[in-house]
Amino acid sequence: MTKLLKKLSHQSGFTTVVVMGMMFVGTMLVVAAFAAANGDTTVTRHDQYYKEAYNAAEAGVNWYLYHLTQDANYWSKCAQASGPDKNSPPVYDNTEGSSFAWTNIQGSQAQFMIDLLPAPGQTKCIIGQSTSIVNPSTGAFMVRSTGNYRGVHRSIVATFRRVGFLNFLYFTDIETLDPATAGSAAAQQAATTNCAHYYYVAARDPSKCTEIEFVGADTVDGPLHTNDELYICGQPTFGHQASDHIESSSPLPTDHPGYRTDSGCSGSKPKIVGTGNKLIAPAPVLTLPPSNAELKADADPTTGLLTGTNHIVLHKSNMSVNGTTMAYPANGVIYDQNSTCTPSYDTTQDYTPFVTNGTGCGDVYISSGTGSDAPATDLTIGADNDIVIDGNVDHGTNNEIGLIANNFVRVYHPVDRSKCGSSSGNLTDSDADPGHGSMSSPSIKAAILAINHSFIVDNWNCGTGLGSLTVTGAIAQKFRGPVGTNSGGVVASGYAKAYSYDYSLRYHQPPFFLDPVQAGWGILNETEQSPAAH
């Protein structure tokens, strides 16, 4: 027994070592677990900061949009901008003497900072000089908002542009037939007096005004805006995708603002694609400019300014003007001005220029090469009087074409009015445009703006059907312009409509395309970039 106790007493130190070893291993496991957990916490925390910095940058963009909403010229004040309220922070924009200023977001540790980015070719914002910030060819300017949250930075570049006609496939000011198409001078005056106003301001007399309906077979394959009230028979479709805005400025009728229905059409209601499947009404009125004189001022007097009636064919890298090859103007603007001109619209257009407008009117007959011969540059063609489309109009990939007339944008359609009910009523030639005849299913890829009148097919009610008029782009007009007639849903003369929106116009517009006179700023797009060095 004594020997056994002695042996056990000799092993007491070994037990202590084992216990301490186990404690050491346990401690290491705890440390490792803590380190792992701490690492996960660090990653999670950084991810949180990263998101908070982005939210702060978004807050800066929204802050700037708010001040533009309050003051449409806020961008022009550069770094000295103080905004409508006294608490607005300064804005950094590369102006000499300005400095960065972080703006704290109330109730948060996040901050944002705004940079106004100079326009292409400019180095800084200059107060009172719009071209130092606003790109004159697109009408857009860019703001960079950098968010900061506990030292983590993220930057967003937002492009701002006024809400304009190019936001919509279809825009009209007044939803009735153009009074200029009424015939005699007396009839035109009567139509102007009785019809040239919004229906929701005063009902138009149907015995004196031609109210044009959207019928069940009609599809406007893109965003739509009218300053007037839509007139519906059946269930036409408005819109193509969820982001499309379908808008009317009419507050009436009170039970379904924005449109009225033909009493002879039961179950009439538009099918709305986009904007939550609802018609936005009343939407703000977008006011047409009185003329395209601003565009004329942008035309280079040497390379871009024409006078009188001209025939232009656009090609990939140059254009033919009355048979003479010319280079495109550097800024992409071609303008045809009047010399001696008394504008008028002939509802029985026979294209004899000396009988109607004379060759002194700034009328452009326009067409283009297609496919590989389509213009490989952005262009805007303007006219003091009318633009007459006498062939297909195409443009290259990543390019846009604008057609802006003070009066009408017309689709060329020569006819023999003594044979209106037969196919021989559609002619293959005319005195004013030799070698050009009635077109079968023409295609027009362009942004179209008829400032004081309509986009219209000449002699739309004569001849026989010529297929579909395909327009890919945007159409804006003062009054509704007819393009054909139908019988039992079949085209009887002129064309069926095949209009679709060119969604590229939301961020890429033809050079110097005109905006509405009164229109607010909107965010065209947002792009994240590497944070600015602050």
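Residues numbered from 1 in each chain as written. Predicted model: local features only at pLDDT ≥ 70, side-chain atom pairs only at ≥ 80, totals over all residues. Heavy atoms only, no water.

1. Re the sheet that holds strand S29 (residues 521-529)
Then step 1. Ordered in space as S1-S2-S3-S4-S29, the five strands form an open sheet in which the pairing is antiparallel. Of all the strands in the sheet, the pair left with one neighbour each is strand S1 (103-104) and S29.
Then step 2. Looking at chain direction, strand S3 (residues 140-149) and strand S4 (residues 152-162) are connected through ten bridges and run antiparallel. Across the sheet, Ala140 pairs through a bridge with Arg161, a residue of S4. (Pairing = 2+ DSSP bridges. Helix = DSSP H or I, 4+ residues; strand = E, 2+ residues; numbered from the N terminus.)

2. Points about the side chain of Asp502
Then step 1. For Asp502, the location among the structural elements is in the loop between strand S28 (490-501) and S29.
Then step 2. Within the buried set, Asp502 has no salt-bridge partner at all; the shortest N-O distance to an opposite charge, 8.7 Å, is to Lys445.
Then step 3. Residues within four places of Asp502 in sequence aside, it is in contact with His395, Glu400, Thr472 and Gly473. (Buried < 20%, exposed > 50% of the residue type's maximum accessible area, 1.4 Å probe, protein only. Lys, Arg positive; Asp, Glu negative; His and termini not counted. Salt bridge = Lys/Arg side-chain N within 4 Å of Asp/Glu carboxyl O. Contact = heavy atoms within 4.5 Å.)

3. A short note on the confidence of the model for the protein chain
Then step 1. Confidence in the prediction for the protein chain averages 87 pLDDT; 86% of positions are at 70 or higher.
Then step 2. pLDDT under 50 marks residues 81-87. Its contacts with residues more than four places away, or in other chains, come to twelve contacts. (pLDDT = per-residue confidence, 0-100.)

4. Structural notes on the nonpolar core
Then step 1. Ile444, Phe455 and Leu469 are the most contacted members of the largest nonpolar core, which has 78 residues in total.
Then step 2. If near-sequence neighbours (up to four positions away) are discounted, Phe455 is found in contact with Ile389, Val409, Val411, Ile444, Ile448, Ala450, Leu469, Val471, Ile475, Gln477, Gly481 and Tyr499.
Then step 3. If you look at the next biggest cluster of nonpolar residues, it comprises 20 residues, including Leu68, Tyr74, Cys125 and Ile156. (Core = buried A, V, L, I, M, F, W, Y, C linked by side-chain atoms within 4.5 Å.)

5. Thoughts on the state of the cysteines
Then step 1. Across all of its chains, the model carries four disulfides by this definition.
Then step 2. Note on cysteine connectivity: Cys233 is disulfide-linked to Cys265, with sulfurs 1.9 Å apart. Sign of the S-S torsion, about -75 degrees for the bond between Cys233 and Cys265, identifies this disulfide as left-handed. Highlighted residues: Cys233 in strand S9 (residues 230-233) and Cys265 in the loop between strand S12 (259-261) and strand S13 (271-272), separated in sequence by 32 residues. Summarising the burial analysis for this pair, Cys233 and Cys265 share the class buried.
Then step 3. Covalently, Cys420 is tied to Cys462 through a disulfide, its sulfur atoms 1.8 Å apart. Residues Cys420 and Cys462 are joined by a disulfide whose S-S torsion is about -95 degrees; by sign, that bridge is left-handed. (Disulfide = S-S within 2.5 Å.)

6. Points about the packing of aromatic side chains
Then step 1. Taken as a whole and judged by the stated rule, the model has 18 aromatic pairs.
Then step 2. Relative to Tyr74, the ring of Tyr64 lies with its centre 5.4 Å away and its plane at 55 degrees, an arrangement referred to as tilted. Highlighted residues: Tyr64 in helix H2 (residues 12-70) and Tyr74 in the loop between H2 and S1, separated in sequence by ten residues. In this structure, Tyr64 and Tyr74 share a single accessibility class: buried.
Then step 3. With 5.1 Å between their ring centres and 85 degrees between their planes, Phe214 and Phe238 make a pair best called edge-to-face. (Phe/Tyr/Trp six-rings, centres within 6.5 Å; stacked < 30°, edge-to-face > 60°.)

7. Considering the pattern of salt bridges
Then step 1. A full pass over the atoms with the stated rule returns 14 salt bridges.
Then step 2. Between Lys296 and Asp384 there is a salt bridge whose closest N-O contact spans 4.0 Å. Of the two residues, Lys296 sits in helix H4 (residues 293-298) while Asp384 sits in the loop between strand S20 (379-383) and strand S21 (387-389), which places them 88 residues apart along the sequence.
Then step 3. Using a relative accessible area of 30% as the deciding quantity, one classes Lys296 as partly exposed.
Then step 4. Ionic contacts of the salt-bridge type, sharing partners, join the residues Arg204, Glu211, Asp228, Glu229 and Arg260 into one network.

8. What about the pairing of strand S19 (residues 364-368)?
Side-chain direction in a regular strand flips from residue to residue, so the side chains alternate between the two faces of the sheet.
Then step 1. Burial within S19 is extensive, with five of its five residues counted as buried.
Then step 2. The two faces of S19 match: Val364, Ile366 and Ser368 on one face and Tyr365 and Ser367 on the other face are all buried.
Then step 3. Two elements, strand S15 (residues 310-314) and S19, share five bridges in a ladder whose sense is parallel. Residue Leu314 lies in a different strand from S19, and its bridge partner there is Ser368.
Then step 4. Taken together, the three bridges between S19 and S21 define a ladder with parallel strand orientation. For Ile366, the partnering residue across the bridge sits in S21 and is Ile389.

9. Digging into the sheet that holds strand S10 (residues 237-238)
Then step 1. Spatially, the three strands line up as an open sheet ordered S7-S10-S13, and their pairing is parallel. Bordering the open sheet on either side are strand S7 (219-220) and S13, each of which pairs with just one other strand.
Then step 2. Judged from the two bridges that link them, S7 and S10 form a sheet pairing that is parallel. From the neighbouring strand, Thr219 faces S10, where its bridge partner is Thr237.

10. Observations concerning unusual backbone geometry
Then step 1. Omega for the bond connecting Leu252 with Pro253 falls within 30 degrees of zero, at -15 degrees, which places this linkage in the cis form.
Then step 2. Residue placement: Pro253 occurs in the loop between strand S11 (246-248) and S12.
Then step 3. Across the junction of Ala281 and Pro282, the peptide omega takes the value -5 degrees, indicating a cis bond.
Then step 4. Within the element layout of this structure, Pro282 appears in the loop between S13 and H4.
Then step 5. Positive phi is not limited to glycine here, since Ser441 has a value of about 45 degrees.
Then step 6. As for its placement among the helices and strands, Ser441 is situated in the loop between strand S23 (409-411) and strand S24 (443-450).
Then step 7. With a relative accessible area of 39%, Ser441 lands in the partly exposed category.

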